[in-house]
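Below, each chain spelled out in residue letters.
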Amino acid sequence: MLALHLRFGRGLDALGAGLVFTATGLGYLITSDTTHRVTARLGERRTIALGGLLLALGLGLPALTAYDAADGSVRWLAPGLFVDGLGRGL
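Source: prediction; values computed, not measured.

## Comments concerning the pattern of salt bridges
When the charged atoms of two side chains lie near each other, side chains of opposite charge can form a pair.
Now for step 1: One pass over the structure, following the stated rule, counts one salt bridge.
Now for step 2: A salt bridge links R88 to D84, with the shortest nitrogen-to-oxygen separation between them at 2.9 Å. Taken together, the residues span about one helical turn, with R88 and D84 both in helix α4 (residues 77-89) at a distance of four residues.

The structure is reproduced here in structure tokens:
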């Protein structure tokens, strides 16, 4: 993640970079608070599998940022980090 931050942090000041990476914490907060309900409904194995799937998807979305980096855009970085946080929370 540090490499993404350094590469795509150009054009972002400290506040902007902090706001982008706050997305991970927000996703983690949402799912870590509701994991017990998800586990009760899906079971432990499926919850872990869902968390892994969300984590993989969340780490894949920033790849779109790398693909779209010609203009220095970070449009997929925050959503990807949010989904990554969701998966980490599960």
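## As for helix α2 (residues 14-42)
Now for step 1: For α2, which comprises 29 residues, the first-to-last C-alpha distance of 40 Å matches the rise-based estimate of 42 Å (1.5 Å per residue) to within 8%.
Now for step 2: In the structure, α2 departs most strongly from a straight axis at T34, where the bend amounts to approximately 55°.
Now for step 3: Taken together, the buried positions of α2 are G16, A17, V20, A23, T24, G27, T31 and T35.
Now for step 4: Phi turns positive one or two residues past the end of α2, at G43, with a value near 95°.

## Structural notes on the environment of L90
Now for step 1: Its place among the elements puts L90 in the segment after α4.
Now for step 2: Put simply, L90 and G52 are 38 residues apart on the chain and 8.3 Å apart in space, counted from C-alpha to C-alpha.
Now for step 3: The residues touching L90, leaving out its near neighbours within four places in the chain, are T31, T35, V38, T47, L50, G51 and L54.

## Side note on a nonpolar patch on the surface
Now for step 1: Together, L26, L29 and I30 make up an exposed nonpolar region whose accessible area comes to about 280 Å².
Now for step 2: Positionally, L29 belongs in helix α2.
Now for step 3: Since its relative accessible area comes to 54%, L29 is described here as exposed.

## Details of the side chain of D84
Now for step 1: Residue D84 is classed as buried on the basis of its relative accessible area, which comes to 0%.
Now for step 2: A distance of 2.9 Å separates a polar atom in the side chain of D84 from a polar atom in the side chain of R88.

So, how was this worked out
Residues numbered from 1 in each chain as written. Predicted model: local features only at pLDDT ≥ 70, side-chain atom pairs only at ≥ 80, totals over all residues. Heavy atoms only, no water. Salt bridge = Lys/Arg side-chain N within 4 Å of Asp/Glu carboxyl O. Helix = DSSP H or I, 4+ residues; strand = E, 2+ residues; numbered from the N terminus. Expected span 1.5 Å × (residues − 1). Bend = angle between axes of the 7 residues up to and from the residue. Buried < 20%, exposed > 50% of the residue type's maximum accessible area, 1.4 Å probe, protein only. Contact = heavy atoms within 4.5 Å. Patch = residues over 30% accessible without salt bridge, like charges linked within 9 Å, V, L, I, M, F, W, Y side chains within 5 Å. Areas by Shrake-Rupley, 256 points an atom, 1.4 Å probe, with all protein chains shown as cover. Polar contact = N/O pair within 3.5 Å; in protein donor to acceptor, adjacent residues only side chain to side chain.

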